[in-house]
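Residue-level structure breakdown
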Amino acid sequence: VFAKEFGRGPEALYAKFDFVAVGSASIGQVHKGILHDGTKVAIKVQRPGVRYAFRRDILLMRSFVWMIFLFRVRSLYFMRDPVRELSTWTRDELDYRREASHADMVRANAVDAPTERIPKIFWDLTRSRVLTMEFLEGPSVLEYLRLVENNETRALAELANAGFDASVFCGNVITNFLSDAFRHGVFHADLHPANLLILPNNVVGYVDFGIVAKLTREARHKQIELNVAFSEGDPEEIYRQFLNIIMLTPDSDLEGMRRGIAKLSQTWYEEPAVRGKVRLRVSITIVMRDFLIVCRNYGVLVDREMIKYIRSIVLVDGVVSRLAPGFDLALLLRKVVED
């Protein structure tokens, strides 16, 4: 890959290049390196042949969607937009220059944020299938969860002595995500445990910018209003704001959707909803799942801009529930959207 992208091997480009990968995934693998000025870097290298395999699979999925519409299988119409989004994500992830530009964009927005760290991109050592970025020192959330699972008390004590606090860290993950989404309209949309690093002072380090989402000002406003309505526990207001993030079809049943949201909302809260004083009895993931089920049952489609946001909030909820069980995600969500 290096020979095709640069015309020479990595040993000629870096002062040091470790040929043993430190991490791998479906599209590529990551190696450590050192630049000639002594800077530590992470070098992401794409697997040979992976583009053909992914493009073939995307073509098969799009063909399946085409058949759904050809034979008018309306119960499966909702699959169109997720497949479109997956096609876009895959196209972005297969060209590391797109990922590099995403990282630069998020880094520029986070320049004054004390709780997030985005690695610098080295463009002279970045190509379509090779990405060179600053190496961030710190364990990933995935590594931390494995320490907990294996009861590695010594390593966990060292992290705690260094100041790591799971609740503070989770609060930073959520605040960073919502600030990036609602203040800047650009956010990391692949927040799973391997992509979040634990840095000193509970700062969140981010890697892998293959999936970054953008929200227009209008979409941000709609999502904020929906979150406020949801945090206040008013089913009628939730319904009204939900109308702003969906697309209607010939089979849409809005009255049915209104009743569906009212019924489901009774299972979400611990007590009868009192404006501004509600507490969730279920996770955010369950709520998002219920929203999507309502869409499917009553013939409406989620606005494309919202798909990555929903995916991201579900991933954040998963990280928080494992990292700091009992953390009140809904309370912090309400505070940030109100701000």
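These numbers were taken from a predicted model, which means no experiment stands behind them.

1. Examining empty space enclosed by the protein
Inspection of every chain in the model, using the stated rule, returns three cavities of 30 Å³ or more. Forming the boundary of the largest cavity are Gln223, Leu226, Asn227, Phe230, Phe242, Ile245, Met288, Phe291, Tyr309 and Ile310. Of all the elements in the fold, those that place two or more residues in the lining of the largest cavity are α8 (217-232), α11 (284-297) and α12 (304-323). Broken down by element, the lining of the largest cavity gets its largest block of residues, four residues, from α8. Here the second largest cavity is characterised by a volume of approximately 40 Å³. Taken together, Asn227, Phe230, Ile284, Met288, Tyr309, Ile313 and Leu333 make up the full set of residues lining the second largest cavity. Of all elements in the fold, only α8, α11 and α12 reach the threshold of two or more residues within the lining of the second largest cavity. Residue classes in the lining of the second largest cavity are distributed as six nonpolar, one polar and no charged.

2. Some words on the pattern of salt bridges
Opposite charge on two side chains allows them to pair when their charged atoms are near. This model, assessed by the stated rule, comprises 23 salt bridges. Arginine 91 is the partner of aspartate 92 in a salt bridge, and the nearest nitrogen-oxygen pair spans 3.6 Å. Where salt bridges share partners, they join Glu236, Glu237, Arg240, Glu255 and Arg258 into one cluster.

Rules of the game
Residues numbered from 1 in each chain as written. Predicted model: local features only at pLDDT ≥ 70, side-chain atom pairs only at ≥ 80, totals over all residues. Heavy atoms only, no water. 1 Å grid on protein atoms, 1.4 Å probe; cavity = no way out; pocket = protein on both sides within 12 Å on 5 of 7 lines; lining within 4 Å. Points joined across faces, edges and corners; volume = space filled by probe spheres on them. Helix = DSSP H or I, 4+ residues; strand = E, 2+ residues; numbered from the N terminus. Nonpolar A, V, L, I, M, F, W, Y, C, P; charged D, E, K, R; others polar. Salt bridge = Lys/Arg side-chain N within 4 Å of Asp/Glu carboxyl O.

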